[in-house]
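Working through the structure, step by step
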Amino acid sequence: MDMKELAERAKTQLAEITGLKPITVTGASRDEQGWHIALDMLEMSRIPNSTDVLGDYEVLLDDNGNMLKFERKQTRLRGEPMEEAARA
């Protein structure tokens, strides 16, 4: 399974579990635990949309694309820049 397929599986599985809408994949890497996929999910829609609340999530997948765990790392407003330290 290639990285694009893994990212799509992470988005789909996290949306099914949380009921949230996936916005974008922000990162992907692999280590001895499996595939770590970082995602932004829409937690609260607001007007204007620059004030939407986004959740930054990390999903861990096995080599077959099955979710092993997920974790919300932080929430932020859509219009706020991402902090690099929070993504590391």
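The present account deals with the structure reproduced in this document. Computed from a predicted model, the values in this text were never measured in an experiment.

**Some remarks on the overall build of the protein chain**
Broken down by element type, the protein chain carries two helices and four strands. When the helices and strands of the protein chain are placed in sequence order, the string is α-β-β-β-β-α. Taking 12 Å as the expected radius of gyration for a compact globule of 88 residues, we find that the protein chain reaches 13 Å, a close match to that expectation. C-alpha atoms of the protein chain, sized along the principal axes, occupy 40 × 30 × 20 Å. Scored against the burial criterion, the 88 residues of the protein chain give a buried share of 31%. Both charge centroids of the protein chain, one from 12 positive and one from 17 negative side chains, sit 4 Å from each other.

**Section: unusual backbone geometry**
Along the chain, Ile 47 connects to Pro 48 via a cis peptide bond; the corresponding omega equals -5 degrees. Mapped onto the secondary structure, Pro 48 falls in the loop between strand 2 (34–44) and strand 3 (53–61).

**Thoughts on the nonpolar core**
Of all hydrophobic cores here, the largest spans 12 residues; its members are Leu 6, Ala 10, Leu 14, Leu 20, Trp 35, Ile 37, Leu 39, Met 41, Tyr 57, Val 59, Leu 61 and Met 67. For this core, the secondary structure elements donating two or more residues are helix 1 (3–18), strand 2 and strand 3. Of the residues forming this core, the biggest block, four residues, is contributed by strand 2. Excluding anything up to four places from it in sequence, Met 67 contacts Ala 10, Gln 13, Leu 14, Ile 17, Val 59, Leu 60 and Leu 61.

**Considering the sheet that holds strand 3**
Pairing is antiparallel in the open sheet, where four strands are placed in the order 1-2-3-4. With one partner strand each, in any of the chains shown, strand 1 (21–31) and strand 4 (67–77) form the two edges of the open sheet. Ignoring strand direction, the axes of neighbouring strands in this sheet form an average angle of 20 degrees. As defined by bridge partners, strand 1 adjoins strand 2 across nine bridges and the pair is classed as antiparallel.

**Focus on the environment of Thr 51**
Here Thr 51 lies in the loop between strand 2 and strand 3. With a relative accessible area of 24%, Thr 51 lands in the partly exposed category. Those residues in contact with Thr 51 that sit more than four places away from it in its chain are Arg 46 and Leu 77.

Criteria and cut-off values
Residues numbered from 1 in each chain as written. Predicted model: local features only at pLDDT ≥ 70, side-chain atom pairs only at ≥ 80, totals over all residues. Heavy atoms only, no water. Helix = DSSP H or I, 4+ residues; strand = E, 2+ residues; numbered from the N terminus. Rg over C-alpha atoms; globule rule 2.2 N^0.38 Å. Buried < 20%, exposed > 50% of the residue type's maximum accessible area, 1.4 Å probe, protein only. Lys, Arg positive; Asp, Glu negative; His and termini not counted. Charge placed at Lys NZ, Arg CZ, Asp CG, Glu CD. Core = buried A, V, L, I, M, F, W, Y, C linked by side-chain atoms within 4.5 Å. Contact = heavy atoms within 4.5 Å. Pairing = 2+ DSSP bridges. Axes fitted to C-alpha atoms, helices over the stretch in contact; angles between N-to-C directions.

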